[in-house]
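Listed here are the chains, written in short residue letters.
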Amino acid sequence: MERLGYREVRTPYVEATPLFVRTIGSSTDVVEKEMFSFSHRDEPLTLRPEATAGIARAYVEHKVHNSEPVSRWYYLGPMFRAERPQRGRYRQFSQVGAECFGDAGPGCDAEMIDALVAFLGDIGIASPEVFVNSIGSSDTRARYKQALVAKLEPVKDKLSEDSQRRLVTNPLRVLDSKNPVDLELVQDVPSVLDFLGNEDRAHWDGLRRHLDALGTPYQVDPKLVRGLDYYGRTLFEIKGAYDKLGAGSTLIGGGRYDGMVAELGGPAVPAIGFAAGTERLLIASELGSETSVVDVVVAPIGEGAVDAALVLGRDARRAGIRCEVDTRDASIKARLRRANALGARIALLIGDRELAEGVAVLKDLAGHAQETIARANVITRVADLLATPAPAPATMPGATQAASAASERAP
Ligand code: AMP
């Protein structure tokens, strides 16, 4: 996100309930069924089910539009929805997302989608599928809703109870139903894309042109409406890793919400954002499978060496080296096992003899080599070693002997 010029924003986990009702929409699943709401001294509050509403609230409250024409903000943190927990769906989950305020152009939308596809590639999610749609501005949606209702009215009685209700309160939501009978019935409803007004169409054409120029593969899905009411024009979803997540799981969802800032009392500032489920990214990707937690483990052998080990650990971290000091009262063997489990390249051992002589034993765990170095020079030597690639595994009898000699000195 920082490479794209986004800065981190942090907003509260709790916001006033009406904020979500107003922006997400009263007839959405999130507001109707999924919010953890409570009342505190007669004030209705809600654990945020998503971050966009709170961020837009903060944007308006602090009149950010006065100080910068475009604001690019990213966030990362917990969201709360009362859903039935299952793989990839939790009641407290984490999202990473971003909002861009102040740029109405479809170039902004295309860049966001393209960057997300690249990001998924970087974390090992191959060939994600991008679905895009435009639901136009409010005029377009008003005309489309009429056509949708006219089409579904005759089969109304066959729709699920939720969809029957939504056909009256919020017809677009019917397209979002997961009910198999509803899905069948909406099969050949008119396409919203046929209802786009001139400006909406120019925006939609622009989006596809920019995506083509970037070489970002996408599929047009005119039934994509997404579960939050605040969207207009561009909508997108990115899916993938079906083998790990199942077909229904969306990795990333996003879209344009040009009306929200004005709705919250600010000026007419266009905006677009996305949110990705962090847990789903972890399940779907190779993230978290890296084995190296630290570069170096420092192991004092005996109480007397702990001070020197702590100093060495701190000096290593000051030099930018990831380092754990293992102060347990354990055998050398157990500490080396720990160092290997942490994926450390180097173990530094300090026993009574090393303490007295002002040295440390440096074990290169990748090369199975061992040397004794003056403690004042240890950090420089460690940094040098870390800068060179680990040698291919080889058995060095000398090193094994030295290690067992060291073990014998263990307390
Ligand atoms: P949404 O805010 O509904 O557009 O969701 C954006 C993304 O957040 C989804 O594509 C998921 O990756 C993730 N997400 C939404 N709800 C949950 C949940 N209950 N548990 C885990 N991830 C979720």
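Summary of the structure given here. (Residues numbered from 1 in each chain as written. Predicted model: local features only at pLDDT ≥ 70, side-chain atom pairs only at ≥ 80, totals over all residues. Heavy atoms only, no water.)

**Some remarks on the pattern of salt bridges**
What counts, and what does not: When a carboxyl oxygen of Asp or Glu is within 4 Å of a side-chain nitrogen of Lys or Arg, the pair counts as a salt bridge. Each helix is a run of H or I in the DSSP string that is no shorter than four residues. Each strand is a run of E no shorter than two, and both are numbered from the N terminus. Per-residue accessibility, obtained with a 1.4 Å probe over protein chains only, is compared with the maximum for each type, and a residue is labelled buried under 20%, exposed over 50%, and partly exposed between these values.
Summed over all chains, the structure comprises 28 salt bridges. Between Arg 173 and Asp 229 there is a salt bridge, and its shortest N-O distance comes to 3.0 Å. With a gap of 56 residues between them, Arg 173 in the loop between helix H6 (161-169) and helix H7 (180-185) and Asp 229 in the loop between strand E8 (219-220) and strand E9 (234-239) connect regions that are remote in the sequence. A relative accessible area of 5% means that Arg 173 is categorised as buried. Residue Asp 229 is classed as partly exposed on the basis of its relative accessible area, which comes to 30%. Linking Arg 338 and Glu 324 is a salt bridge whose minimum nitrogen-to-oxygen distance equals 2.8 Å. Here Glu 324 lies in strand E13 (residues 323-325) and Arg 338 lies in helix H13 (residues 332-341), a separation of 14 residues in the sequence.

**Here's the deal with the nonpolar core**
Put simply, the rule is: By nonpolar core is meant a set of buried Ala, Val, Leu, Ile, Met, Phe, Trp, Tyr and Cys residues that side-chain atoms within 4.5 Å join together.
Counting 81 residues, the largest nonpolar core has Phe 101, Phe 236 and Ile 252 as its most contacted members. Of the residues forming this core, the biggest block, seven residues, is contributed by helix H4 (residues 106-122). In this structure, Ala 309, Val 325, Leu 348 and Leu 362 belong to the second largest nonpolar core, which totals 20 residues.

**Here's the deal with helix H8 (residues 198-214)**
Inclusion rule: Given a helix with a known number of residues, its expected span is that number minus one, times 1.5 Å. Here the arc refers to the set of directions running from the helix axis out to each C-beta atom. Note on definitions: a residue-residue contact is assigned when non-hydrogen atoms from the two residues lie within 4.5 Å.
Taking 1.5 Å of rise per residue, the 17 residues of H8 would be expected to cover 24 Å, and the 24 Å separating its terminal C-alpha atoms lies within 8% of that figure. Buried within H8 are the following residues: Asp 200, His 203, Trp 204, Gly 206, Leu 207 and Leu 211. Down the axis of H8, the smallest arc covering the buried residues is 160°, so these residues share one side. Facing away from the buried side of H8, by more than 90 degrees, are the exposed residues Asn 198, Arg 209, Asp 212 and Ala 213. Looking at the buried residues of H8, the elements they touch are H4, strand E7 (129-134), helix H5 (138-152), E8, E9 and strand E10 (250-256). Looking one or two places after H8, you find Gly 215, whose phi comes out positive at around 70°.

**Topic: the pairing of E10**
Applicable threshold: For two strands to be treated as a pair, DSSP must find at least two bridges joining them.
Counted residue by residue, E10 has seven buried out of seven residues, so it is predominantly covered. Both E9 and E10 contribute to a ladder of five bridges, which runs antiparallel. Residue pairing across strands places Glu 237 opposite Gly 253, the latter belonging to E10. Sheet topology note: the E10/strand E11 (residues 271-277) ladder contains five bridges and is antiparallel. Note that in E11 the partner of Gly 254 across the bridge is Phe 274.

**A word on a nonpolar patch on the surface**
What counts, and what does not: Like-charged residues within 9 Å of one another, or nonpolar side chains (Val, Leu, Ile, Met, Phe, Trp, Tyr) within 5 Å, are grouped into patches, provided each residue has over 30% relative accessible area and no salt bridge. Each accessible area is a Shrake-Rupley estimate made with a 1.4 Å probe; only the visible protein chains count as cover when residues are assessed.
Where nonpolar side chains cluster on the molecular surface, the patch consists of Tyr 13, Val 14 and Phe 38 and spans about 270 Å² of accessible area. With respect to the helices, strands and loops of the structure, Val 14 is situated in strand E2 (residues 14-16).

**Structural notes on the packing of aromatic side chains**
For clarity, the threshold we go by: Only centres within 6.5 Å qualify two rings of Phe, Tyr or Trp (six-membered ring in Trp) as a pair; their planes then separate them into stacked at under 30 degrees, edge-to-face at over 60, and tilted for everything else. Whether a charge sits over a ring comes down to the Lys NZ or Arg CZ being within 6 Å of the ring centre and within 35 degrees of the ring normal.
Counted according to the given criterion, the structure contains seven aromatic pairs. Their ring planes at 15° and their centres at 4.2 Å tell us that Tyr 59 and Phe 101 sit as a pair that is stacked. Residue Tyr 59 is found in helix H3 (residues 52-61), and its partner Phe 101 is found in strand E6 (residues 92-101); the two are separated by 42 residues along the sequence. Between Tyr 230 and Tyr 231, the ring centres sit 4.9 Å apart and the planes meet at 65°, which makes this aromatic pair edge-to-face. Put simply, the rings of Tyr 59, Trp 73, Phe 101, Tyr 230, Tyr 231 and Tyr 257 touch in pairs and so form one group of aromatic residues. A cation over a ring is seen here: Lys 239 above Phe 131, with NZ or CZ 5.9 Å from the ring centre.

**Digging into the site of the ligand**
Rule in force here: In these notes, residues near a molecule or strand are those with any non-hydrogen atom within 4 Å of it. N or O atoms within 3.5 Å of each other form a polar contact, as long as, within protein, one can give a hydrogen and the other can take it, and as long as residues adjacent in sequence are counted only when both atoms are side-chain atoms. Ten residue types, Ala, Val, Leu, Ile, Met, Phe, Trp, Tyr, Cys and Pro, are classed as nonpolar, four, Asp, Glu, Lys and Arg, as charged, and the remainder, Gly among them, as polar.
Around the ligand lies a shell of 14 residues, among which Arg 81, Glu 83, Tyr 90, Arg 226 and Thr 250 are the nearest. Taking Arg 81, its side chain carries an N or O atom lying 2.7 Å from an oxygen atom of the ligand. The separation between an oxygen atom of the ligand and a polar side-chain atom of Gln 95 is 2.9 Å. Burial of the ligand by the protein chains amounts to 92% of its free accessible area of 480 Å². In terms of residue count, E10 provides more of the shell around the ligand than any other element does, three residues in total. Residues of the shell around the ligand, tallied by class, amount to five nonpolar, four polar and five charged.

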